[in-house]
There are 2 protein chains.
Amino acid sequence: MSTKGHVDVWRVLLKPDYAAHLTDGQWRELANDPDWREAEVEFPQLMDELYARFGSKVPGYGTGSSGAANPSLAVDELSVLGKGHRHVQGMGVVTGVGKYAVNLTVSDMLYMKTLRSPHPRALVKAIDTSKAEALRGVAMILHRFNLPEEYQDSRLEGGPKPRFLFDEEVTQVGAPVAAVAAESEHIADEAIHLIEVEYEVLPAVTNFLDGIKPGAPKLWDNEYDGTILDISEPLVRGDPDAGMKEAGAVVDAISTRSTEQNAPLELTSGICWWENERLTWYWTARHAHGERDRMARALKLPSSRVRVIQTGYLGGSYGSHRNGDVSEVHAAILAKLTGKPVRATATRSEDFITRTVRAAVHTEGKLGVNREGAFVAATYKLISDTGAGSSNRSPGAWIGLETLYNIPNLRLEGIGVYTNNVRSGSYRCVSHPYATLAQETLVDKAAYAVGMNPLEIRLKNVNEVGHPDTGKPYSNPGIRDCLTQAAERIGWETKWHPAGAKEVRPGVFHGIGMAAHACSHGAGGHPSTGVVIVNPDGTVNVVSGAAEVGGGQRTVMAMIAAETLGIPYEQVGIAPEIDTDYTSDTGVTAGSRQTNSGGWGVYEAALDARRQLLEGAVQKFTADARKDGRTIEVTPEALDIRDGFVFFKDDPETKIPVADAVEAVVPRTPVIGRGAHFHPPTWERLAFAAHAAEVEVDTVTGSVSVLRYVAAHDVGRAMNPLGLEQQIQGGVTMGISAALSEGLVNDKATGLPLTDNILEYKALTIKDAPRNVEAIFVEHAKEYGVFGAHGIGEPPIAVAPPTIANAIYNAIGVWITSLPITRDKILAALEAA
Amino acid sequence: MSTKGHVDVWRVLLKPDYAAHLTDGQWRELANDPDWREAEVEFPQLMDELYARFGSKVPGYGTGSSGAANPSLAVDELSVLGKGHRHVQGMGVVTGVGKYAVNLTVSDMLYMKTLRSPHPRALVKAIDTSKAEALRGVAMILHRFNLPEEYQDSRLEGGPKPRFLFDEEVTQVGAPVAAVAAESEHIADEAIHLIEVEYEVLPAVTNFLDGIKPGAPKLWDNEYDGTILDISEPLVRGDPDAGMKEAGAVVDAISTRSTEQNAPLELTSGICWWENERLTWYWTARHAHGERDRMARALKLPSSRVRVIQTGYLGGSYGSHRNGDVSEVHAAILAKLTGKPVRATATRSEDFITRTVRAAVHTEGKLGVNREGAFVAATYKLISDTGAGSSNRSPGAWIGLETLYNIPNLRLEGIGVYTNNVRSGSYRCVSHPYATLAQETLVDKAAYAVGMNPLEIRLKNVNEVGHPDTGKPYSNPGIRDCLTQAAERIGWETKWHPAGAKEVRPGVFHGIGMAAHACSHGAGGHPSTGVVIVNPDGTVNVVSGAAEVGGGQRTVMAMIAAETLGIPYEQVGIAPEIDTDYTSDTGVTAGSRQTNSGGWGVYEAALDARRQLLEGAVQKFTADARKDGRTIEVTPEALDIRDGFVFFKDDPETKIPVADAVEAVVPRTPVIGRGAHFHPPTWERLAFAAHAAEVEVDTVTGSVSVLRYVAAHDVGRAMNPLGLEQQIQGGVTMGISAALSEGLVNDKATGLPLTDNILEYKALTIKDAPRNVEAIFVEHAKEYGVFGAHGIGEPPIAVAPPTIANAIYNAIGVWITSLPITRDKILAALEAA
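Residues numbered from 1 in each chain as written. Chains lettered and ligands numbered in written order. Predicted model: local features only at pLDDT ≥ 70, side-chain atom pairs only at ≥ 80, totals over all residues. Heavy atoms only, no water.

Participant: Looking at this structure, I do not really get the overall build of chain A. What am I missing?
Facilitator: Counting its regular elements, chain A contains 25 helices and 31 strands. In terms of C-alpha radius of gyration, chain A reaches 28 Å, essentially the compact-globule figure of 28 Å for 833 residues. The principal-axis extents of the C-alpha atoms in chain A amount to approximately 90 × 75 × 60 Å. Counting over 833 residues, chain A shows a buried share of 65%. Looking at chain A alone, contacts between residues at least 24 apart form 80% of all its contacts between residues at least 6 apart. For chain A, the computed accessible surface area is about 28900 Å², with 50% contributed by carbon and sulfur atoms. Of the charged side chains in chain A, 79 are positive and 103 negative, and the gap between their average positions amounts to 2 Å. (Helix = DSSP H or I, 4+ residues; strand = E, 2+ residues; numbered from the N terminus. Rg over C-alpha atoms; globule rule 2.2 N^0.38 Å. Buried < 20%, exposed > 50% of the residue type's maximum accessible area, 1.4 Å probe, protein only. Contact = heavy atoms within 4.5 Å. Areas by Shrake-Rupley, 256 points an atom, 1.4 Å probe, with all protein chains shown as cover. Lys, Arg positive; Asp, Glu negative; His and termini not counted. Charge placed at Lys NZ, Arg CZ, Asp CG, Glu CD.)

Listed below in structure tokens is the structure:
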């Protein structure tokens with residue numbers, strides 16, 4: 001099967017008006033059906049066939065576009081988007097006026113502290129709270145032996161095995177054993193030290209590679225052996241083993257990454273209380289609606305009886321501040337039972353070990369390449385540490401391996417290992433960096449093996465068509481431009497040299513490296529909703545559930561509303577908070593998705609309002625003419641809105657203020673627009689990037705200096721160039737930090753965390769971070785993107801580690817693909833070489 | 001001109017589809033045009049004529065009904081409405097969990113206190129703040145000599161002459177002279193005593209009847225004499241002087257009311273701060289959006305850069321907590337200049353004398369009646385104390401005089417007198433109680449004069465058709481039922497007796513009285529907006545700007561959403577707060593309007609959501625059938641929603657949960673409905689009521705005991721019977737309080753307030769209030785009302801004073817129509833008689 005031919009056949013399906021409404025699963029089903037794959041069906045027969053196969057076609061209900069076309073791409077000239085705007089919450093952050101969850105106090109609060117397991121694995125046999133209860137100021141202690149019956153089967157979702165509010169078996173250091181509510185934080189803290197717990201310590205797995213060895217402790221009953229959580233069904237394309245035999249050169253490598261902690265500055269914090277038989281939960285929640293729904297299910301309430309408010313100023317996220325833990329449920333129950341508000345603020349250590357991390361991973365990769373430098377076959381096997389109870393699986397990591405290059409023969413395997421370590425979960429770009437590190441270092445290794453320039457081998461193999469297995473096409477992919485523009489900017493042609501060939505000072509070697517990237521973040525998805533209110537004075541309030549996590553998400557919401565409505569940006573207001581009682585769910589701020597989720601929702605809402613404004617303006621122009629004794633025929637299509645005025649397209653001087661159009665719709669009444677966008681799965685929606693870096697490696701000390709860093713991203717459309725640049729710079733900095741420095745380390749004997757604090761975890765500080773990350777925006781507008789945009793909140797972090805590893809190899813001629821690439825690893829590798 | 005005939009001619013205009021879109025002014029213009037009044041025009045000629053006359057007809061843009069028909073009246077069976085529900089915020093109030101503005105604190109606040117004029121009228125010549133500024137902890141003092149230039153021409157709207165932030169001429173006791181921001185309330189308080197002000201005291205008017213006497217001080221330059229604010233153009237119908245001559249009996253009376261204070265329990269309080277170059281203003285505001293807009297104009301900002309949050313728990317309103325004073329602007333400017341949050345909480349005295357009151361009034365009335373008891377002519381002249389700077393005018397009081405009875409000859413005159421007293425403004429039912437007191441006591445006087453029973457004379461004269469002057473008809477008026485049902489409930493037929501005829505104990509006389517009422521409150525109006533969100537689990541959040549002031553407004557919003565969507569009431573959530581950044585303006589909670597303003601908005605929003613849900617359900621049913629190999633034809637019209645399920649009307653067992661319909665609209669996405677209702681001015685929308693009371697009057701002590709009280713109201717539809725009953729009971733209690741006890745009294749010599757506190761103002765306490773107010777709901781569904789409802793928040797207060805006055809006359813045979821009817825007035829009247 002020829003990939004190219006495969007995609008060509010499938011182009012018949014691309015007409016969005018009839019293919020827009022298939023699900024991803026339906027696409028894959030069609031792609032794997034030989035009859036369909038070979039079919040030369042034409043519209044309208046195709047419609048009938050699809051209809052018969054999949055039942056009712058869901059029409060495009062989006063209030064504006066159905067997804068069948070993208071009206072936002074039809075805008076000729078942008079007024080607001082494409083120009084740099086400061087973050088709408090920026091002044092609040094830098095002046096200290098903006099309040100964080102920990103700043104909120106309510107009267108008569110109790111403070112919660114949690115007694116946590118000191119063992120990676122143990123049974124809780126008995127709890128004696130008598131001494132703690134005797135402490136003055138202790139209001140209530142909750143644990144598994146006194147949990148009210150109605151909550152005994154309550155559980156949090158999102159794990160492979162049930163997570164009850166208090167488990168008999170604690171499965172990680174830090175697992176909650178009892179929760180104390182007391183009149184002060186100090187009393188609560190004192191009380192947890194007075195609680196006596198009888199544990200039966202059980203054998204634990206704290207090194208995930210030990211977990212798949214024979215004889216590893218059986219941690220629970222599952223379909224494998226109680227340690228392996230999941231063996232993914234391998235993805236196989238062509239015949240990878242035969243392909244390897246055909247290849248002229250085969251390179252392989254093991255790449256590994258340490259456990260990485262998001263480590264946002266703000267700690268988990270919140271207050272909850274019961275008001276009017278509803279739970280109010282004011283918390284550092286990155287996805288207020290998702291937390292509301294999870295909390296409601298845990299407490300067996302309708303979601304409309306839980307209210308979650310996110311402060312609007314979240315001190316970083318990077319994947320954290322999501323998926324409320326059982327601690328939040330404990331607080332809610334304590335608040336209910338005591339009748340008082342309960343505040344809980346985590347310690348740094350608690351946030352490090354009881355929330356989630358990017359799993360440590362071990363990847364075995366092999367790449368076969370022919371004499372012309374074309375990739376023939378590749379195999380990758382990922383083994384990752386899912387920690388104690390995550391549902392994270394491996395295949396999410398595969399998308400870049402499946403799509404970035406044309407590889408006719410491919411096998412991808414994955415094993416998730418259940419351990420007694422910190423639970424794995426989302427951290428900026430989640431598992432995609434695994435693939436990028438493994439693949440991009442192998443690509444360089446292959447280039448060196450066949451004597452090609454790393455830029456050349458990438459340009460030769462890069463896939464610019466679509467997903468080879470499903471036939472879903474890319475929309476206007478910019479990967480080639482990313483590669484060539486990054487190379488051009490850094491001066492690749494003149495600066496690249498053979499490995500180890502450029503000693504710039506005694507013992508100090510110059511290196512240059514690059515890496516490419518494709519992953520599925522940034523495309524948005526369901527839900528994508530929003531509301532805009534055009535006030536009687538013609539100004540606008542945007543009501544969006546898109547949480548700000550520091551990336552400028554809410555600034556883009558305001559900009560989209562202004563652009564779509566033709567109302568000056570300065571007249572658009574948006575509040576910081578997300579309150580589930582007032583906003584509609586537009587999904588978690590994750591997956592680099594808000595531009596294409598909240599943004600689509602606001603766009604559709606603004607279109608809905610705009611339509612009403614134009615109809616109002618028709619009435620107003622008609623009435624005004626009649627007052628002058630004239631009769632005119634006006635249609636909404638003849639009108640446009642810009643700078644707060646509705647005008648005739650063919651006579652821009654004939655205009656009325658937007659306020660007059662608002663008045664003409666319904667007197668003295670704001671115009672409300674609502675939006676809910678339907679995302680058709682027509683396209684394979686990938687984020688493309690290419691980075692390049694120059695480094696100097698000191699072979700005496702092992703230290704690495706990043707001299708220059710260039711990051712080119714296909715952003716579709718640069719919505720807010722200022723925020724975009726900052727996002728790329730921040731992501732690259734975190735990627736370099738992972739490449740050179742970060743890692744959450746446990747004591748292997750006891751499983752106790754050793755680096756559960758900012759000092760020892762060693763994220764790069766502002767003094768370590770490179771000052772010179774240059775962002776390049778490749779603007780290949782996407783059919784699926786609002787105004788053509790593709791989000792890039794996460795991808796930058798994924799590309800930096802292989803870029804740095806490749807540059808280090810170019811400098812010193814030895815491969816180090818085990819992150820973090822610390823001085824001792826460099827010195828050891830040099831010594832071994 | 002025959003009133004009856006007049007209305008008949010105008011019935012041609014009643015077809016809502018072509019008359020719905022005229023304004024009140026246009027109606028009146030047509031009514032006064034003889035050609036039109038006599039015309040026998042028919043549709044569609046009428047349409048063309050209206051179109052030519054008034055220009056473009058505004059189509060009904062309301063998202064659901066255009067106002068041309070009322071789909072909410074087509075509902076056969078109600079599930080939620082009509083059943084009593086506890087207030088959604090009730091638990092928050094009674095448990096103390098609900099927070100009021102004064103409960104909110106933010107860190108690093110300043111406290112504002114205001115130096116206020118001790119003179120009713122004076123010029124501020126100089127201000128020396130040096131001693132105050134030297135006080136440790138004083139952050140800033142603002143006054144007219146240091147006000148930043150940009151605010152020197154800022155003014156608050158709503159008065160007959162400009163109200164600048166600090167006036168050179170202070171025009172009432174309590175007018176602001178300087179505002180201090182300090183680190184504590186005590187320091188601020190101390191500082192205002194250290195400010196030295198040089199005043200030039202000017203002659204003042206503190207008795208409004210003195211203001212129209214020759215030689216009264218000229219207070220300002222206006223078109224009259226500087227004291228009279230306004231002489232309304234008299235309303236004249238027929239020939240009242242000739243009518244009086246024809247009448248068999250003419251009765252007259254002067255009725256007066258004292259200045260009445262709303263006196264809600266909660267004092268004006270709030271905090272404001274600047275965040276992200278926007279003003280946030282957290283205040284006891286009954287109309288958050290209105291305050292936002294006023295504040296924005298005063299500060300010269302777009303309204304989207306001001307955010308007003310109302311706490312959601314307002315400790316009473318009754319017309320107060322509206323129209324932010326200059327003090328709120330002072331706080332905003334102090335917050336801006338100091339860069340800190342500024343809190344201000346009024347004292348009780350400040351709220352009594354610097355906010356607004358129901359103006360004292362003097363009404364001279366005359367009623368001519370023929371021998372059969374038919375009203376022939378009436379004249380009323382109202383003189384009211386507008387205080388210092390209100391825009392309150394008299395004609396608002398006239399509607400009951402114009403409409404309640406058939407009176408062919410009528411003259412209404414009004415004079416508003418500008419004084420140096422507390423500004424007049426809105427207080428429950430505003431000026432309508434003037435008319436009801438004057439008219440209903442005269443009606444009884446006339447009945448006694450011609451020897452008729454007060455019930456009989458009312459039933460004979462009551463107007464059940466429409467407005468005699470504009471021809472706008474009533475919709476299903478229930479005034480006759482109110483009269484007969486109130487009379488029946490109290491046992492009028494057996495209990496009524498000639499005046500002074502029933503001594504029940506020595507010196508104690510039994511009396512029975514009734515009064516009727518018509519006024520224009522309760523019909524709602526623009527803006528009427530709302531949003532509903534149907535969550536993916538099928539539960540609902542209602543997003544409404546309808547402020548709760550204790551009347552159960554938000555409970556009715558939730559009920560309307562549940563009823564319209566067919567989703568159980570328990571699954572509908574609504575937050576307490578009104579936040580202008582998240583909600584759309586649905587008007588002030590005033591005019592008894594929220595059921596027909598916020599309620600219409602929520603209804604239209606729910607219809608919008610319901611339409612989407614039915615379309616989703618069509619898709620789901622179709623797809624399900626197809627999966628089973630069946631083909632079905634479904635239309636939304638074939639489906640209905642009840643108890644959270646969408647079902648086939650002709651096969652209720654075939655059903656899906658609402659959650660499935662939500663999912664079918666757009667996957668994983670809530671359904672948002674938005675509503676903005678257009679109110680056609682087709683109808684004369686009046687609140688009708690009749691009350692009856694039994695009293696005992698002790699002729700030795702002068703004390704009055706209310707034995708029994710019955711209040712019948714045409715409510716259109718009893719939406720929440722529990723809340724409705726409480727509204728009527730509360731209103732009657734306040735009305736009895738005004739009748740017997742309340743009055744804001746000034747020292748006549750100095751103008752200084754004497755009763756500016758709860759103790760001396762003498763509102764009835766719970767110990768004084770009658771326990772036995774029986775509410776009767778007359779349910780005459782209205783074409784213009786959502787589900788037929790007509791609001792009745794205010795009317796009950798208006799009917800009680802004449803009911804009590806009439807009962808007192810019936811008891812002791814002397815007329816006292818000067819409120820409050822205190823013991824000394826009763827004893828003096830008895831002595832005079």
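Participant: When you look at the interface of chain A and chain B in this model, what are you seeing that I'm missing?
Facilitator: Interface size is commonly expressed as the accessible area that is lost once the parts come together. The interface of chain A with chain B comprises 84 residues on the first partner and 84 residues on the second. The contact between chain A and chain B buries some 6200 Å² in all, and 53% of this surface belongs to carbon and sulfur atoms. Joining chain A to chain B, the criterion identifies six salt bridges. For Arg86 of chain B, the salt bridge goes to Glu277 of chain A, with nearest N and O atoms at 3.0 Å. Here the residues of the side of chain A that touches chain B sort into 33 nonpolar, 31 polar and 20 charged. (Buried area = accessible area lost by both parts, 1.4 Å probe. Salt bridge = Lys/Arg side-chain N within 4 Å of Asp/Glu carboxyl O. Nonpolar A, V, L, I, M, F, W, Y, C, P; charged D, E, K, R; others polar.)

Participant: Whenever I open this one, the packing of helix α15 (residues 432-450) of chain B against helix α24 (residues 795-812) of chain B confuses me. Can you help?
Facilitator: Two quantities define a packed helix pair, namely the angle between the helix axes and the distance between the axes. Residue and element names in this part refer to chain B. For the pair α15 and α24, the least separation of the axes is 8 Å and the interaxial angle reads 30°. Viewed along their axes, α15 and α24 adopt a mutual orientation that is roughly parallel. As α15 runs across α24, the sense of the crossing is right-handed. Contact residues: α15 offers Pro433, Thr436, Leu437, Glu440, Thr441, Asp444 and Tyr448, while α24 offers Ala798, Val799, Pro801, Pro802, Ala805, Asn806, Tyr809 and Asn810. (Axes fitted to C-alpha atoms, helices over the stretch in contact; angles between N-to-C directions. Parallel < 35°, antiparallel > 145°, perpendicular 65-115°, else oblique. Left-handed = near helix turned anticlockwise from the far one by under 90°.)

Participant: Even after reading the chapter, I still don't get the sheet that holds strand β20 (residues 508-519) of chain B, so can you show me in this structure?
Facilitator: Two pairing modes exist for strands in a sheet, parallel and antiparallel, and in both the strands are linked by backbone hydrogen bonds. All names here are of chain B. A sheet is described by the order of its strands in space; here five strands give the open sequence β19-β20-β29-β30-β31, paired in mixed fashion. The sheet is open, and its two borders are formed by β19 (503-505) and β31 (773-778), each paired with just one other strand. When strand polarity is set aside, the average angle formed by the axes of neighbouring strands in this sheet is 25°. In this sheet, β20 lies alongside β19 in antiparallel orientation, the contact comprising two bridges. Residue pairing in the sheet places Arg505 in a bridge with Val508 of β20. Its contacts with the sheet put helix α17 (residues 479-490) on β20, β29 (687-698), β30 (704-714) and β31, and the angle it makes with β29 is roughly 25°. (Pairing = 2+ DSSP bridges.)

Participant: Looking at this model, I keep getting lost on the packing of helix α20 (residues 598-627) of chain B against helix α21 (residues 658-665) of chain B. Mind explaining?
Facilitator: Residue and element names in this part refer to chain B. Running from N to C, α20 and α21 cross one another at 90°; their axes reach a closest spacing of 7 Å. One finds that α20 runs roughly perpendicular with respect to α21. Seen from α20, the contacting residues are Gln612, Leu613, Gly616, Ala617 and Lys620; seen from α21, they are Val658, Asp660, Ala661, Val662, Ala664 and Val665. Each residue belonging to the contact of α20 with α21 can be placed in one class, and the counts come to seven nonpolar, two polar and two charged.

Participant: Mind showing me how you'd approach unusual backbone geometry here?
Facilitator: Most peptide bonds take the trans form, and the phi angle of most residues other than glycine is negative. For the bond from His526 of chain B to Pro527 of chain B, the omega torsion is -5°, close enough to zero to count as cis. Looking at the element boundaries, Pro527 of chain B is found in the loop between β20 and β21 (529-534). In the segment running from Leu819 of chain B into Pro820 of chain B, the intervening peptide bond is cis, with an omega of -10°. Although it is not a glycine, Phe787 of chain A adopts a positive phi angle of roughly 55°. Relative to the helices and strands, Phe787 of chain A is located in the loop between β31 (773-778) and α24 (795-812). We classify Phe787 of chain A as buried; its relative accessible area is 1%.

Participant: How do you make sense of the confidence of the model for chain A when you look at a structure like this?
Facilitator: Fine structural detail should not be taken from predicted coordinates in areas where pLDDT scores are low. All names here are of chain A. For chain A, per-residue confidence averages 90 on the pLDDT scale, and residues scoring 70 or more make up 91% of the total. Contacts for the low-pLDDT stretch residues 1-19, under 50 throughout, to residues beyond four places or in other chains number 41 contacts. Predicted confidence is poor over residues 55-68, with pLDDT under 50, and the contacts of this stretch with residues over four places away or in other chains come to 49 contacts. This prediction of the complex comes with two scores: 0.93 for pTM and 0.92 for ipTM. (pLDDT = per-residue confidence, 0-100.)

Participant: Help me understand the environment of Val357 of chain A in this model?
Facilitator: Examined against the element boundaries, Val357 of chain A turns out to sit in the loop between α13 (348-354) and β16 (361-369). In sequence terms Val357 of chain A and Thr386 of chain A are 29 residues apart; their C-alpha atoms lie 9.2 Å from each other.

Participant: What's the story with the packing of aromatic side chains in this structure? I'm lost.
Facilitator: Any aromatic ring pair is given by two values, namely how distant the centres are and how the planes are angled relative to each other. Tallying each qualifying case throughout the model produces 25 aromatic pairs over all chains. Ring centres 5.8 Å apart and planes at 25° place the aromatic pair Tyr582 of chain A and Tyr582 of chain B in the stacked group. Taken together, the residues Tyr582 of chain A in the loop between β24 (578-579) and α20 (598-627) and Tyr582 of chain B in the loop between β24 (578-579) and α20 connect one chain to another. Measuring from centroid to centroid gives 5.6 Å for Trp600 of chain A and Tyr603 of chain A, while their planes differ by 80°, and the two rings are edge-to-face. (Phe/Tyr/Trp six-rings, centres within 6.5 Å; stacked < 30°, edge-to-face > 60°.)

Participant: Would you mind showing me how to read the sheet that holds β31 of chain A here?
Facilitator: Residue and element names in this part refer to chain A. A sheet is described by the order of its strands in space; here five strands give the open sequence β19-β20-β29-β30-β31, paired in mixed fashion. The sheet is open, and its two edges are formed by β19 (503-505) and β31, each paired on a single side. Looking at each pair of strands side by side, their axes are set apart by 25° on average, direction ignored. Set on the sheet, helix α22 (residues 721-740) makes contact with β29 (687-698), β30 (704-714) and β31; between it and β31 the angle comes to about 125°. Against the sheet, α24 engages β20 (508-519), β29 and β30, with an angle of about 145° to β20.

Participant: Honestly, the relation of the copies chain A and chain B in this entry has me stumped. Any pointers?
Facilitator: Each copy of the chain is related to the other by a rotation around an axis and a translation along that axis. At an RMSD of 0.0 Å, chain A and chain B line up after a rotation of 180° and a shift of 0.0 Å along the axis. Here the symmetry operator amounts to a two-fold rotation axis. Closest to the rotation axis within chain A is the C-alpha of Tyr582 of chain A, separated from it by 3.0 Å. A share of 100% of the interface residues of chain A reappears at the interface of chain B, consistent with the copies meeting face to face through the same patch. (Least-squares fit on C-alpha atoms with pLDDT ≥ 70 in both.)

Participant: When you look at the environment of Leu483 of chain B in this model, what are you seeing that I'm missing?
Facilitator: Residues and elements named next belong to chain B. Tracing the sequence through the fold places Leu483 in helix α17. Sequence spacing of Leu483 and Glu694 is 211 residues, and the spatial spacing of their C-alpha atoms is 15 Å. In contact with Leu483, not counting residues within four places along its chain, are Leu455, Arg458, Leu459, Met514, Ala516 and Ala690.

Participant: How do you make sense of α24 of chain A when you look at a structure like this?
Facilitator: Residues spaced three or four apart along an α-helix point in a common direction, a consequence of the helix completing one turn every 3.6 residues. Residue and element names in this part refer to chain A. A rise of 1.5 Å per residue sets the reference length of α24, with its 18 residues, at 26 Å; its end C-alpha atoms lie 27 Å apart and thus fit the reference within 8%. Along α24, 18 of the 18 residues are buried, which leaves the element largely enclosed by surrounding structure. Looking one or two residues past α24, Gly813 carries a phi angle of roughly 75°, positive in sign. (Expected span 1.5 Å × (residues − 1).)

Participant: I would appreciate a short explanation of the side chain of His287 of chain A in the present structure.
Facilitator: Residue and element names in this part refer to chain A. With respect to the helices, strands and loops of the structure, His287 is situated in the loop between β13 (278-283) and α11 (288-299). Judged by relative accessible area, which is 13%, His287 ranks as buried. From its side chain, His287 meets the backbone nitrogen of Val588 in a polar contact 3.4 Å long. Aside from chain neighbours lying at most four places away, what touches His287 is His321, Asp585, Gly587 and Val588. (Polar contact = N/O pair within 3.5 Å; in protein donor to acceptor, adjacent residues only side chain to side chain.)

Participant: Mind showing me how you'd approach a nonpolar patch on the surface here?
Facilitator: Residues and elements named next belong to chain A. On the surface, a cluster of nonpolar side chains totalling about 260 Å² of accessible area is made up of Met91, Val93 and Val94. When you line up the elements, Val94 lands in helix α6 (residues 90-95). Classification of Val94 as exposed rests on a relative accessible area of 66%. (Patch = residues over 30% accessible without salt bridge, like charges linked within 9 Å, V, L, I, M, F, W, Y side chains within 5 Å.)

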